[in-house]
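# Geometric and topological summary
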Amino acid sequence: MNTATYAELAASSDHAVAVTIAFVGGLIVAIALIWAVRVGMRVMDQDTHHPAPEEQPHMPDTGPVREMREMREPDDVPVVARDGQRLMPHELHRASTRTGKDQKPRRWSPGSSGSFGGGGLGRT
């Protein structure tokens, strides 16, 4: 196509009508979206219950809750012999770990490698 063809297409009334229809269609879609957002905001304002200051969470009377650090060790399920009684659910514990006897945290020992295949000599 050359410049004359473009000029002829731009000047034709069919092209102007198509552009006008596309513009009006886009304008209708934009107005519908704006209306939907405003209706949604109005519904959210009417529907959502905002808690009063008395209903807000507050600090306990004893003060802030602090983090507790402890070393844990596995609490395995006891082994039952084949001729023994089976374990009942009330005999099992809630957690699979318990507080460890040794509360001293494990530390990195000098001379050991940092990871498998780390290239160190390992423990000697």
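The structure displayed is predicted, hence computed values, not measured ones.

Here the focus is the overall build of the protein. Regarding its fold elements, the protein presents two helices and two strands. Starting at the N terminus, the α and β elements of the protein follow one another as α-α-β-β. The buried share of the protein, taken over its 124 residues, is 4%. For the protein, contacts bridging at least 24 residues in sequence account for 49% of all contacts bridging at least 6. Accessible surface for the protein amounts to roughly 12400 Å². Of this, 60% is attributable to carbon and sulfur atoms.

The subject of this paragraph is a nonpolar patch on the surface. A surface patch of nonpolar side chains, about 510 Å² in accessible area, is lined by Phe23, Val24, Leu27, Ile28 and Ile31. One can find Phe23 in helix H2 (residues 13-47). For Phe23, a relative accessible area of 59% corresponds to the exposed category.

The next thing to look at is the confidence of the model for the protein. Overall, the predicted model of the protein reaches an average pLDDT of 79, with 81% of residues at or above 70. Put simply, helix H1 (residues 3-11) is where the protein has its lowest mean pLDDT, 70, and H2 is where it has its highest, 89.

Conventions we followed
Each chain carries its own residue numbering, running from 1 in the written order of its sequence. Only residues with pLDDT of at least 70 are given local features in this predicted model, and only at 80 or more are side-chain atom pairs given and counted; all residues enter the totals for whole chains, interfaces and linings. Side-chain descriptors were evaluated using all non-hydrogen atoms of the structure, hydrogens and water having been removed beforehand. Note on conventions: DSSP H or I runs of at least 4 residues are helices, E runs of at least 2 residues are strands, and numbering of each starts at the N terminus. Categorising residues by exposure relies on relative accessible area from a 1.4 Å probe, with only protein chains included: less than 20% of the type maximum marks a residue as buried, more than 50% marks it as exposed, and the intermediate range marks it as partly exposed. In what follows, a contact means two residues having at least one pair of non-hydrogen atoms within 4.5 Å. In this description, accessible areas are obtained by the Shrake-Rupley approach with a 1.4 Å probe, and a residue is regarded as covered only by the protein chains that are shown. Only residues above 30% relative accessible area that lack a salt bridge enter a patch, with like-charged residues linked at up to 9 Å and the nonpolar side chains Val, Leu, Ile, Met, Phe, Trp and Tyr linked at up to 5 Å. Any Lys or Arg side-chain nitrogen located within 4 Å of an Asp or Glu carboxyl oxygen qualifies as a salt bridge. Confidence of the predictor in every single residue is expressed as pLDDT, which spans 0 to 100.

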